[in-house]
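Here is how the chains run, residue by residue.
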Amino acid sequence: SKTTNLLSSSGTTGIGEAPQLSSTYAQYDDGASVFPFYDNFAGTSLNTTKWSVNGITYTVNNGFSATSSSASFDGIWTASATYSPSIILDFYGNPYSSSSVCVETGFVTNTNNDKENYGTFVQGMNGDIFGQQQNSAGWSNSGNLATSNVGNQVWTVIWASSTTSNYQENYGNTQTESADAPTAPLYIGLVKAGSGSFSNTYFVQWLRTRAYPPNGVMPSVSFGGLSTA
């Protein structure tokens, strides 16, 4: 029937959808049943079984928003889960910052200090959004994914190997970095680097990990003359 609702939040009896697409936030969001790690920041409080908090000023209201903190490298990190390559992280939101106070979203150490936050992540700083790898020897940028405030987009960190990461905007524009590779394991982090307030609200609506495809190639299926990837 055309009136049959095929959507379901269970992940087993229907089709899911992104949390922001339903009139009731996350009504048909089955992400928790699909992805190894998933959070849509539903409701008005942070799930502290998933996240630990250090210093950052934030709110949760069907999404995670942050504006400032008291010190450098404050943020939230996965409470216990750590990750190693090969793995992919996607998040939907706005990591833009027009100032030197930057925001880092991806795989990071869970330390709070005034020197470095090592990892591989999407970073917004000084009006640019780019991918960055960083370790104790230094840091290297992949090149710009965006050079202006493009608003909410899907941003991706593809931690492909012990040396190489790829970064994407909306699964399209891709940059690669192979220098200054971080050492696994790392936490997932939403981190502010630098003291003071952001130039705008840092927003993440949902965040997930997903498996890296075999040999880095997405599988395809063919049915006669038809194929799908």
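Residues numbered from 1 in each chain as written. Predicted model: local features only at pLDDT ≥ 70, side-chain atom pairs only at ≥ 80, totals over all residues. Heavy atoms only, no water.

A description of the overall build of the protein should follow, citing residues and the corresponding values.
Secondary structure assignment for the protein yields 1 helix and 17 strands. Its C-alpha atoms give the protein a radius of gyration of 18 Å, within 12% of the compact-globule value 17 Å for 229 residues. For the protein, the spread of C-alpha atoms along the principal axes amounts to about 60 × 40 × 35 Å. Across the 229 residues of the protein, 48% fall into the buried class. Sequence-distant contacts, at least 24 apart, represent 60% of the contacts inside the protein between residues at least 6 apart. Carbon and sulfur atoms make up 49% of the accessible area of the protein, which amounts to about 10400 Å² in all. When the 6 positive and 13 negative side-chain charges of the protein are each reduced to one mean point, those points stand 7 Å apart. (Helix = DSSP H or I, 4+ residues; strand = E, 2+ residues; numbered from the N terminus. Rg over C-alpha atoms; globule rule 2.2 N^0.38 Å. Buried < 20%, exposed > 50% of the residue type's maximum accessible area, 1.4 Å probe, protein only. Contact = heavy atoms within 4.5 Å. Areas by Shrake-Rupley, 256 points an atom, 1.4 Å probe, with all protein chains shown as cover. Lys, Arg positive; Asp, Glu negative; His and termini not counted. Charge placed at Lys NZ, Arg CZ, Asp CG, Glu CD.)

Can you lay out the environment of Asp74 for me, pointing to particular residues and giving the numbers?
Positionally, Asp74 belongs in strand β5 (residues 74–78). With 18 residues separating them along the chain, Asp74 and Ile56 place their C-alpha atoms 5.2 Å apart.

Tell me what's going on with the sheet that holds strand β8 (residues 119–125), and back it up with residues and numbers.
Here 7 strands make up an open sheet; going across it, the order is β2-β5-β14-β7-β8-β9-β10 and the pairing antiparallel. The outermost strands of the open sheet, each flanked by one partner alone, are β2 (51–54) and β10 (138–146). The sheet shows a mean angle of 20° between the axes of neighbouring strands, taken without regard to direction. Summarising the sheet, β8 and strand β9 (residues 128–135) pair through 7 bridges and their orientation is antiparallel. Each residue of the ladder has a partner; that of Met125, found in β9, is Asp128. (Pairing = 2+ DSSP bridges. Axes fitted to C-alpha atoms, helices over the stretch in contact; angles between N-to-C directions.)

So what's going on with the environment of Ser136? Residues and values would help.
As for its position among the elements, Ser136 is in the loop between β9 and β10. Along the primary structure Ser136 and Ile15 are separated by 121 residues, whereas in three dimensions their C-alpha atoms are 44 Å apart.

Kindly report on the packing of aromatic side chains, identifying the contributing residues and their values.
Inspection of every chain in the model, using the stated rule, returns 9 aromatic pairs. Between Phe41 and Trp51, the ring centres sit 5.9 Å apart and the planes meet at 25°, which makes this aromatic pair stacked. Note that Phe41 is positioned in the loop between β1 (38–39) and β2 and Trp51 in strand β2, a separation of 10 residues in sequence. Ring pairing ties together the aromatic residues Phe37, Phe41, Trp51, Tyr58, Phe64 and Tyr202, which thus form one cluster. Stacked on the ring of Phe37, the Lys or Arg Lys50 has its end atom at 5.9 Å from the ring centre. (Phe/Tyr/Trp six-rings, centres within 6.5 Å; stacked < 30°, edge-to-face > 60°. Lys NZ or Arg CZ within 6 Å of the ring centre and 35° of its normal.)

Can you break down the nonpolar core residue by residue, with the values?
Counting residues in each nonpolar core, the largest one holds 32 residues, and the members touching the most others are Phe41, Trp51, Phe64, Phe107, Leu190 and Leu207. The biggest single contributor to this core is strand β15 (residues 196–211), with 4 residues. With residues near it in sequence (within four places) discarded, Trp51 still touches Phe37, Asp39, Phe41, Leu46, Ile76, Trp77, Thr78, Ala79, Ile188, Leu190 and Leu207. Core analysis: the second largest hydrophobic core is formed by 8 residues, Trp77, Val108, Phe121 and Tyr187 among them. (Core = buried A, V, L, I, M, F, W, Y, C linked by side-chain atoms within 4.5 Å.)

Could you give me a rundown of the pairing of strand β4 (residues 64–69), with the residues and numbers involved?
Note on strand geometry: in a regular strand, side chains alternate between the two faces of the sheet. Within β4, 5 of the 6 residues are buried, which leaves the element mostly enclosed by the surrounding structure. When strand β3 (residues 56–60) meets β4, the two strands line up antiparallel, connected through 5 bridges. The residue of β4 that forms the bridge with Val60 is Phe64. Taking the residues that link successive antiparallel strands as the turn, the β3-β4 hairpin has 3 residues, and the phi of Asn62 there is positive, at about 50°.

Describe the side chain of Gln132, listing the residues and the values that go with them.
Tracing the sequence through the fold places Gln132 in strand β9. On the accessibility criterion, Gln132 (3% relative accessible area) is buried. One polar contact links Gln132 to Gln123, side chain to side chain, over a distance of 3.4 Å. In this structure Gln132 touches Gly119, Thr120, Phe121, Gln123, Trp139, Ser140, Asn141 and Tyr167, once residues within four positions along its chain are discounted. (Polar contact = N/O pair within 3.5 Å; in protein donor to acceptor, adjacent residues only side chain to side chain.)

Lay out the pattern of salt bridges in plain terms, naming residues and giving numbers.
Note on pairing: side chains with opposite charge can pair once their charged atoms come close. This model, assessed by the stated rule, comprises 2 salt bridges. Salt-bridge contacts for Arg208 lead to Asp90; the nearest nitrogen and oxygen are separated by 3.1 Å. Pair noted here: Arg208 is in strand β15 and Asp90 is in strand β6 (residues 87–94), with a separation of 118 residues, a long-range link. Comparing Arg208 with Asp90 shows no difference in burial state: the two are buried. Under the relative-accessibility criterion, Asp90 is labelled buried at 0%. Residues participating in the shared-partner salt-bridge network are Asp90, Arg208 and Arg210. (Salt bridge = Lys/Arg side-chain N within 4 Å of Asp/Glu carboxyl O.)

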